[in-house]
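Spelled out from the first residue to the last, the chains are:
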Amino acid sequence: VEASIPEPQRAAWKKFTPKPFETAEEFNAEAVRHIETTLARSMYNCDEGAAYAGTALAFRDRLVLDWNKTQQAQTFTDQKRVYYLSLEFLMGRALDNAMLNIGKKDVAVKGLSDLGFRMEDIISQEHDAALGNGGLGRLAACFLDSMASLNYPAWGYGLRYRYGIFKQEIIDGYQVEVPDYWLDFNPWEFARHDITVDVQFYGHVSKYQDDDGKNVSVWEGGEIVQACAYDVPIAGYGTSTVNNLRLWGSKAASGEFDFQKFNSGEYESSVADQQRAETISAVLYPNDNLERGKELRLKQQYFWCAASLFDIVRRFKKTQRPWKDFPNQVAIQLNDTHPTMAIPELQRILIDQEGLDWDEAWSIVSKTFGYTNHTVLPEALEKWSVPLFQHLLPRHLQIIYDINLNFLQFVERNFPKERDILNRVSIIEESNPKMVRMAYLAVIGSHKVNGVAELHSDLIKTTIFKDFVKIYGPDKFTNVTNGITPRRWLHQANPRLSELIASKLGGYDFLKDLTLLHKLEAYVDDKDFRKEFQEIKYANKVRLAKYIKDTLGVSVNPSALFDVQVKRIHEYKRQQLNIFGVIHRYLAIKAMSPEEKKKLAPRVSIFGGKAAPGYWMAKTVIHLVNQVGKVVNNDKDVGDLLKVIYLEDYNVSKAEIICPASDISEHISTAGTEASGTSNMKFVINGGLIIGTCDGANIEITREIGENNIFLFGNLAEDVEELRHSHMYGTYTLDPSLAAVFDSIQSGTFGDAGSFSALVNGIVDHGDYYLVSDDFASYCKTQELIDEAYRNQDEWLTKAITSVARMGFFSSDRCIDEYAEMIWNTEPLVPSKDE
Ligand code: C3B
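Every value quoted in this text rests on a predicted model; they were computed, and no experiment measured them.

Here we look at the sheet that holds strand 14 (residues 383-385)
Alright, step 1. Ordered in space as 14-16-15, the 3 strands form an open sheet in which the pairing is antiparallel. Unpaired on one side and paired on the other, strand 14 and strand 15 (428-429) mark the two borders of the sheet.
Alright, step 2. Alignment of strand 14 against strand 16 (residues 435-437), held across 3 bridges, turns out to be antiparallel. Each bridged residue has a counterpart across the sheet, and for Ser385 the counterpart in strand 16 is Met435.

Written out as structure tokens, the structure reads:
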């Protein structure tokens, strides 16, 4: 309050409130001013990088004005806010998105061309903000876009990694990781040097009695690391709402202790402290669907939760409301178990610092949190060893034990006759060493738990959280099927398709209400519409073909069927099934007569994605794809009929080029393993068809678009367990076509057979956990159906158009409205027109 300009002086201030640019001229005035003054460059020294910076800063100015107003309005109205805690935000590039959301891209295109620049070149100057691994991080980014577009008062909280996900190079067919230092020039963040939080680690807990004879616990000693806020404005589409993403960076707390060390000549050790502190936010862990229990990871998690909770509580306390209002003012969504430490941290703040008693505090805590589960894979479920916990966060371990005790007593009261249940649901696993099961803590500390697609939400209720359904009843568990933002994944990635749709639907309203797409079905037989739809797909394929030629030197025919699988490399996602299918096709082509070859539709098999650096099997798959490409692409017998491409360094900005250019994309996980998948949605909305298993959101996509418009194959989730069992204990017969594929690999067709033996043996000798052999015949058969379907271009086009028209359900706007209604109990705050 003291910092605000006094009432009488506000008129003077308002006279100088900056005016946003409207015309190309005004845009250039801003861009050139920034290039000359902010960057200290001149017209003799302005490359595309500088032009990008000038453009970004001009748009940033516009954003910031609305950002200030939005934050002001949210503070004034003081309605419930949502806080989305995510250890990953896979944002990609910001400029194009900002221009389109603000709606001034055309002005900038004109302005830049007057200065001699092409918008496309300027946009491509930007470094991706790659603070995430894959689906979970990208979902968080789509949700931020939707929350702002729908005017929900919402903040994201994350970590400001200095290094995002590594850059992938393919050298001699192998993945090589290169660090991704992305902060050289980042106009989209604001360092808030005045907003810091001290975060404590290690130390011990002492018990005292206060004057009223009440027992109090005090967490003492240890070390302090400082969290600094970096804020990123998040613009909504077609609204003046600009929300905030707050990322925490770590640095050494400038306490007396360090200073003393410094003065007493312990310069080195004081610098070492500094570096140790900065290490916390230095790098994103590059694992997708895998948790390895490393101390630094737990430090990251607590550091970020403690800073965020302190910030949220500080904001709440400014309103001077009573504590019982907290859950009415604050909804905190936990994106997977990574932020689960926020639960004991809020309990600690309330009992140790604010003096609430346990039950009162716990009732607030358990009404505040919602938890989203994103996986049932056992290796991805977080567990921390009790000794590690005890060492790093001794007070939190006590609180977790108390939460657990209360919970187990409650279970015991309600299920007195069941001996095993206490062991099964305890937050503490009685192993050696004992482990803290974070997913259980997240379930117990939240009022709602959701999965991310129908099948997945059903599976969590029958597998990992089965006992909790019995304890709490089924209503605590719900489903919110994932979605994607149509702004980035349609309008931005595929501007021509977006324009075509707008021309038929009478404007761009569909970008705010994606269900309007259904009106496109009226044009499915419209000749001109069909022709243009097809031309757009072709143009997008030409663009990708050019990119492939420029980066890899391989020519691919844009009329061929583009078959794409881009996503993290993981055994459960089964890129190995895809590449074995490609080898099967290659062998078939080698055996074909010229007449048979004439009948086959040429195909380009495109792969892309990163493997976790320590994931040997995934790296072997990358190597195999590259080796197969080397052989197939140079085989004269094959020619255009088959090309195999590995795209280096798949990321968000590349996905924007790839998704619009596919004919078929592959979503072929072992049934029951892919919680949802979201790229499946991105491909279909861009007019591509899918080959997929009955898994994750594929099932709901099928329901929406119709089963004639999707190529499903493979075993069902309900049969997986039985099949796995029979592999181990029954008789196992390898699919004969797959055996032929293995023979060709083992005879050295694709280079040293030994390189691939682990991959082959995993299937032949070690139980084929992901059912590659079981699904192989049906996969290959379905690929033949696709060949046949593609020959009938007319029918194919009908399928593609119909599918686009029926994708309205998969907007992340729909997800956010569902979260708001079912879990957060929040309302939008529609910005007023003037101020
Ligand atoms: C992913 C899942 O693997 C996807 O099926 C899902 O679509 C997305 O989350 C979003 O819900 N996921 C991930 O990227 N990382 C994890 N650690 C767990 C799940």
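The structure having been displayed, the exposition proceeds.
Focus on the layout of surface pockets
Alright, step 1. One number sums up the size of the second largest pocket: a volume of about 1,500 Å³.
Alright, step 2. What lines the second largest pocket is a set of 46 residues, among which Arg93, Glu120, Ser124, Arg543 and Ile657 lie closest to the centre.
Alright, step 3. The set of elements that each furnish at least two residues to the lining of the second largest pocket consists of helix 4 (95-102), helix 5 (105-114), helix 6 (119-123), helix 20 (486-492), helix 21 (495-505), helix 22 (527-552), strand 21 (642-647) and helix 26 (652-658).
Alright, step 4. If you tally residues by element for the lining of the second largest pocket, the top one is helix 22, at 8 residues.

Some remarks on the site of the ligand
Alright, step 1. If you check the shell around the ligand, you find 14 residues, and the closest are Leu136, His374, Asn482, Glu674 and Gly677.
Alright, step 2. Within the contact set of the ligand, an oxygen atom lies 3.5 Å away from a backbone nitrogen or oxygen of Gly135.
Alright, step 3. Look at the ligand: alone it shows 420 Å² of surface, and the protein chains cover 94% of it.
Alright, step 4. Structurally, the ligand is housed in the largest cavity.
Alright, step 5. A domain split of the shell around the ligand shows at least three residues from each of domain 1 (78-93 + 128-479) and domain 2 (554-793).

Some points on unusual backbone geometry
Alright, step 1. In this model, Asn432 is joined to Pro433 through a cis peptide bond whose omega is -5 degrees.
Alright, step 2. Within the secondary structure, Pro433 is located in the loop between strand 15 and strand 16.
Alright, step 3. Even without being a glycine, Arg574 presents a positive backbone phi close to 65 degrees.
Alright, step 4. Among the secondary structure elements, Arg574 is positioned in the loop between strand 19 (561-566) and helix 23 (575-590).

Some details on the pairing of strand 2 (residues 89-92)
Alright, step 1. Burial along strand 2 is two-sided: Phe89 and Met91 and Leu90 and Gly92, pointing in opposite directions, are all buried.
Alright, step 2. Pairing of strand 2 with strand 3 (residues 129-131) involves 3 bridges; the strand directions are antiparallel. Its bridge partner being in strand 3, Gly92 is matched across the sheet by Ala129.

Brief notes about the sheet that holds strand 7 (residues 190-201)
Alright, step 1. Strand order in the open sheet formed by 9 strands is 7-10-11-4-1-12-13-17-18, with mixed pairing between adjacent strands. Bordering the open sheet on either side are strand 7 and strand 18 (477-479), each of which pairs with just one other strand. Neighbour-to-neighbour, the strand axes of this sheet turn through a mean angle of 25 degrees, independent of strand direction.
Alright, step 2. In the sheet, strand 1 (residues 81-85) pairs with strand 4 (residues 154-159) via 4 bridges, with the strands oriented parallel. The residue of strand 4 that forms the bridge with Leu85 is Tyr157.
Alright, step 3. Sheet strands in contact with helix 7 (residues 135-149) are strand 1, strand 4, strand 10 (223-235), strand 11 (242-252) and strand 12 (330-335), and its direction is about 55 degrees off that of strand 10.

Focus: the side chain of Gln300
Alright, step 1. The residue Gln300 is located in helix 10 (residues 295-318) in this model.
Alright, step 2. Among the residues examined, Gln300 registers a relative accessible area of 0% and is labelled buried.
Alright, step 3. In this view, Gln300 contacts Leu159, Tyr161, Ile280, Val283 and Tyr285; residues no more than four positions away in its chain are not counted.

Topic: the pairing of strand 11
Alright, step 1. Of all 11 residues in strand 11, 10 are buried, a share of seventy percent or more.
Alright, step 2. Sheet topology places strand 4 next to strand 11; 5 bridges connect them, and they run parallel. Note on strand 11: the bridge partner recorded for Gly158 is Leu247.
Alright, step 3. Bridging between strand 10 and strand 11 involves 11 bridges; their strand directions are antiparallel.

A short note on empty space enclosed by the protein
Gaps between atoms show up when a probe of the same size as a water molecule is rolled over them.
Alright, step 1. Summed over the entire model, instances satisfying the criterion amount to 5 cavities of 30 Å³ or more.
Alright, step 2. Approximately 740 Å³ is the volume found for the largest cavity.
Alright, step 3. In terms of lining, the largest cavity is formed by 43 residues, of which the most central are Asn133, Gly134, Gly135, Leu136 and Asp288.
Alright, step 4. Secondary-structure elements contributing two or more residues to the lining of the largest cavity are helix 7, helix 26 and helix 27 (679-685).
Alright, step 5. Of the residues forming the lining of the largest cavity, the biggest block, 4 residues, is contributed by helix 7.
Alright, step 6. In the lining of the largest cavity, the residues fall into 15 nonpolar, 16 polar and 12 charged.
Alright, step 7. When residues are assigned to domains, the lining of the largest cavity turns out to be shared by domain 1 (78-93 + 128-479) and domain 2 (554-793), each giving three or more.
Alright, step 8. The space that makes up the second largest cavity amounts to roughly 80 Å³.

Details of the domain arrangement of the chain
Alright, step 1. Once the domains are mapped, the chain shows domain 1 (78-93 + 128-479) and domain 2 (554-793).
Alright, step 2. For domain 1 and domain 2, the distance between their C-alpha centroids amounts to 36 Å.
Alright, step 3. Contacts between the two partners involve 36 residues from domain 1, matched on the other side by 36 residues from domain 2.
Alright, step 4. For the pair domain 1 and domain 2, the summed buried surface comes to about 2,800 Å²; carbon and sulfur atoms form 54% of the total.
Alright, step 5. Area buried by domain 1 at its contact with domain 2 is led by Gln168, Ile170 and Leu455, which between them contribute 19% of it.
Alright, step 6. Run the count over domain 1 and domain 2 and you get 2 salt bridges.
Alright, step 7. Across the pair Glu177 and Lys619 runs a salt bridge whose closest N-O atoms are separated by 2.7 Å.
Alright, step 8. For the pair domain 1 and domain 2, the number of links is 16 residue pairs in polar contact (both at pLDDT 80 or more).
Alright, step 9. Classifying every residue of the side of domain 1 that touches domain 2 by side-chain character gives 14 nonpolar, 12 polar and 10 charged.

Brief notes about the nonpolar core
A general feature of soluble globular proteins is that nonpolar side chains tend to end up buried together.
Alright, step 1. Grouped together as the largest cluster of nonpolar side chains are 254 residues, with contacts concentrated most on Phe201, Trp248, Phe389, Phe465, Phe580 and Trp824.
Alright, step 2. Considering every element that reaches this core, the biggest residue donor is helix 10, with 11 residues.
Alright, step 3. Residue contributions to this core reach at least three from each of two domains, namely domain 1 (78-93 + 128-479) and domain 2 (554-793).
Alright, step 4. Other than its neighbours up to four places away in sequence, Phe389 contacts Leu298, Met341, Trp384, Pro394, His396, Leu397, Ile400, Val436 and Met438.

Quick look at helix 22
Alright, step 1. Taking 1.5 Å of rise per residue, the 26 residues of helix 22 would be expected to cover 38 Å, and the 37 Å separating its terminal C-alpha atoms lies within 8% of that figure.
Alright, step 2. When we look at burial in helix 22, the residues that qualify are Phe529, Arg530, Phe533, Ile536, Lys537, Asn540, Lys541, Leu544, Ala545 and Ile548.
Alright, step 3. N-capping of helix 22 is provided by Asp526, with a side-chain oxygen placed 3.0 Å from the backbone N of Asp528.

Here is what the cut-offs are and how they apply
Residues numbered from 1 in each chain as written. Predicted model: local features only at pLDDT ≥ 70, side-chain atom pairs only at ≥ 80, totals over all residues. Heavy atoms only, no water. Pairing = 2+ DSSP bridges. Helix = DSSP H or I, 4+ residues; strand = E, 2+ residues; numbered from the N terminus. 1 Å grid on protein atoms, 1.4 Å probe; cavity = no way out; pocket = protein on both sides within 12 Å on 5 of 7 lines; lining within 4 Å. Points joined across faces, edges and corners; volume = space filled by probe spheres on them. Near = heavy atom within 4 Å. Polar contact = N/O pair within 3.5 Å; in protein donor to acceptor, adjacent residues only side chain to side chain. Areas by Shrake-Rupley, 256 points an atom, 1.4 Å probe, with all protein chains shown as cover. Sits in = over half its atoms within 2 Å of the grid points. Domains from an automatic or database assignment. Buried < 20%, exposed > 50% of the residue type's maximum accessible area, 1.4 Å probe, protein only. Axes fitted to C-alpha atoms, helices over the stretch in contact; angles between N-to-C directions. Contact = heavy atoms within 4.5 Å. Nonpolar A, V, L, I, M, F, W, Y, C, P; charged D, E, K, R; others polar. Buried area = accessible area lost by both parts, 1.4 Å probe. Salt bridge = Lys/Arg side-chain N within 4 Å of Asp/Glu carboxyl O. Core = buried A, V, L, I, M, F, W, Y, C linked by side-chain atoms within 4.5 Å. Expected span 1.5 Å × (residues − 1).

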